[in-house]
Amino acid sequence: MTTTDTASQPSASAPLLDLQALVVAVRRRRRLWGSLALLGLLLGAAVAVLLPPRPTAVTKVLVAHKDDQPNDTGTLIRTDVELLDTTRIAAAALRTLGSRENPEDFMRDYRGTGLTNNLLRIDVTADSDAEAVARAKALADTFVADHVRRMREAAEAESKSLLDQRNRMRKELAEVNSAIGDRSPDDEPKASASIESLFARRAELDSRIAEFDQRAAEALTGTPEVVAGTQIVDAPHAVEHSLPRAVGTDAAIGLALGLVLGLALSAVGAVVADRPVLRREIAANLGASVLAELRRRPRRSARSWGRRRTRAARERLTTTLTRLVRGSAEPVSLLELGCARGTGLIALDVAGALEADGPVVVVDGLPGTRLAGAHRGPGGPTVLSGERATAEGHQGRRLGVGSVAPGTAWTDLRYLGSRTVLVVRAGHGSTAWLHTVARQLADQRIAVIGVVLIDPDPRDRTDGTLWDGPHLARRVPGERPKRHNGGGTSHAVQAVGEGRLRAERPSMPAATVPDSDQEAR
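The structure presented is a predicted model; accordingly, all values stated were derived computationally and were not measured.

## What to know about the packing of helix H2 (residues 30-50) against helix H8 (residues 243-273)
Here is step 1 of the chain: Contact pair H2 / H8: the axes reach a minimum separation of 6 Å and the direction vectors enclose 150 degrees. It follows that H2 is roughly antiparallel to H8 by the angle criterion. In this structure, the crossing between H2 and H8 has a hand that is right-handed.
Here is step 2 of the chain: Along the lines of polarity and charge, the residues of the contact of H2 with H8 split into 17 nonpolar, six polar and one charged.

Okay, structure coming up:
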């Protein structure tokens, strides 16, 4: 037999973000992100129907450049796009159309896009398809004419510059020829070197003059290729608009945006609210084991098997709580957090089961809820308010029903019962409030013998049972609890002291109340 004391061992640090709890919390908020996704879907479809796109025409222009290079990164076509979006092009197109519209306003109705290094697409919107096609044609013709004019002016300017340099060299060549002609063969021999330099200079000038003539001719020769290469390759035509396709596209985009927004809001809200959902978190924060679970009843259960499953789950829960109340020598109460109406009905079911042992009085301490008005069959349990129960002093077993929601009068809970079962709705109370409940009940010396979890997550497989849960026999301070294991005894995993947290058992599952055959298996 060995003794293990983990009081001196450091407790495992809690993760900064519990991914499993976050996923469960987001899944439980499926109404939020599902509603936002549906809203986005409807808004997208409404936008497509109520705000259809304006009539649009499109055309494509092949733009040839004199300085085209195979490794061009698209600089030239981006320059053409920016030139298209200028008031000069817009004003010239409007003059062709005979329109007095402001060029700045017209520039908002068209857009140029460079598809490749030499292919430009022009999209134009208007009030009708015919007007859009006419504007696209005028804009494309204006751009082509402007591009050709600019290329010709550039070629002519380059050719003129080359010819000017050629003419200057011709004048210098004439001066060299005149200097050579003034020399006579009878000059002194020392002047022969000067004559040779003049001849070399004349040869150089002749070569450069021929070069400038060739370059000037090439500058003008490339212009026809640019002019012929710049043309409209796709005639302006109206773009067909399909309403069903637009509705489907916009609805899908709205659905995706709404879903992403809903998931983000759900995740942020779950982190900020810090409301435990998993069994292990609720058990650890309250310091008590989860004894049973009860799934939330469907609002509209049209199937008989669904109603039978819910009824069977409630019967199993009633049996579990009845066994606890019968085995307790002290008065027991049910204290709710987030499920007042359901807790009252559970209390009435337990009281009805306990009537076989004798008279039962249900002390109603729920705020704003009157169990006495609940529909019960003849001979049901007696339901009294807290004041009447104290004044009349009925004989028999007492079952208190109260609340630990914010605003609770903690000192009154002692009169409902010195031992209690907390009926907690998963994800309702924050971590701070669960700690407050556990501390206040300890201050009032009310022993928590277990927790009933309402509306748990269906996929929650975490353990909600503690090694030293308070449902065990009460012991004096400082006494170590014992547990049986194979006929022998050993001390508990962690000693219980003033203000010390209880350790969670990682393997033993909580006693749950399944509501389906699969859960039962």
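That covers the picture; the talk isn't over yet.
## Digging into the confidence of the model for the chain
Here is step 1 of the chain: On average, residues of the chain carry a pLDDT of 77, and 77% of them reach 70 or more.
Here is step 2 of the chain: Confidence over residues 1-12 falls short of pLDDT 50; this stretch has twelve contacts with residues more than four positions distant or in other chains.
Here is step 3 of the chain: Considering only residues more than four positions removed or in separate chains, one finds that residues 469-521, a stretch of pLDDT under 50, has 98 contacts.

## What to know about helix H9 (residues 279-286)
Here is step 1 of the chain: The buried fraction of H9 amounts to six of the eight residues, a majority that puts the element mostly inside the structure.
Here is step 2 of the chain: Among the residues of H9, those classed as buried are Arg 279, Glu 281, Ile 282, Ala 283, Asn 285 and Leu 286.
Here is step 3 of the chain: Among the structural elements, helix H1 (19-28), strand E5 (290-294), strand E10 (419-425), helix H13 (431-443) and strand E11 (447-454) are those in contact with the buried residues of H9.
Here is step 4 of the chain: Just downstream of H9, Gly 287 is the residue with a positive phi angle, here 70 degrees.

## Considering the sheet that holds strand E9 (residues 397-403)
Picture the strands of a sheet paired through backbone hydrogen bonds; they go either parallel or antiparallel.
Here is step 1 of the chain: An order of E5-E11-E10-E6-E9-E7-E8 is seen for the seven strands of this open sheet, with the pairing classed as parallel. Across the chains shown, the open sheet's two edge strands, defined by having one partner strand only, are E5 and strand E8 (382-385). Sheet twist, expressed as the average angle between the axes of neighbouring strands with direction ignored, equals 25 degrees.
Here is step 2 of the chain: Sheet analysis places E10 next to E11, joined by seven bridges and oriented parallel. Along E11, the bridge assignment pairs Val 423 with Val 452.
Here is step 3 of the chain: Contacts between H9 and the sheet are confined to E5, E10 and E11, with E11 contributing the most and set at about 155 degrees to the helix.

## Notes on the packing of aromatic side chains
Here is step 1 of the chain: Within this structure, the stated rule accounts for two aromatic pairs.
Here is step 2 of the chain: Ring plane angle 55 degrees and centroid distance 5.1 Å describe the contact between Phe 106 and Tyr 110, whose orientation is recorded as tilted.
Here is step 3 of the chain: A relative accessible area of 6% places Tyr 110 in the buried class.
Here is step 4 of the chain: Ring geometry for Trp 410 against Trp 433: centres 5.9 Å apart, planes inclined by 45 degrees, an arrangement best described as tilted. In this pair, Trp 410 sits in the loop between E9 and E10 while Trp 433 sits in helix H13, placing the two residues 23 residues apart along the sequence. Neither residue differs from the other here; Trp 410 and Trp 433 are each classed as buried.

## Remarks on the environment of Ala 174
Here is step 1 of the chain: Within the fold, Ala 174 resides in helix H6 (residues 129-182).
Here is step 2 of the chain: Looking at Ala 174, the relative accessible area reads 46%, which means it is partly exposed.
Here is step 3 of the chain: In the structure, Ala 174 is positioned 31 residues away from Leu 205 in sequence and 10.0 Å away in space, judged by C-alpha atoms.

How each quantity is defined
- Residues numbered from 1 in each chain as written.
- Predicted model: local features only at pLDDT ≥ 70, side-chain atom pairs only at ≥ 80, totals over all residues.
- Heavy atoms only, no water.
- Axes fitted to C-alpha atoms, helices over the stretch in contact; angles between N-to-C directions.
- Helix = DSSP H or I, 4+ residues; strand = E, 2+ residues; numbered from the N terminus.
- Parallel < 35°, antiparallel > 145°, perpendicular 65-115°, else oblique.
- Left-handed = near helix turned anticlockwise from the far one by under 90°.
- Nonpolar A, V, L, I, M, F, W, Y, C, P; charged D, E, K, R; others polar.
- pLDDT = per-residue confidence, 0-100.
- Contact = heavy atoms within 4.5 Å.
- Buried < 20%, exposed > 50% of the residue type's maximum accessible area, 1.4 Å probe, protein only.
- Pairing = 2+ DSSP bridges.
- Phe/Tyr/Trp six-rings, centres within 6.5 Å; stacked < 30°, edge-to-face > 60°.

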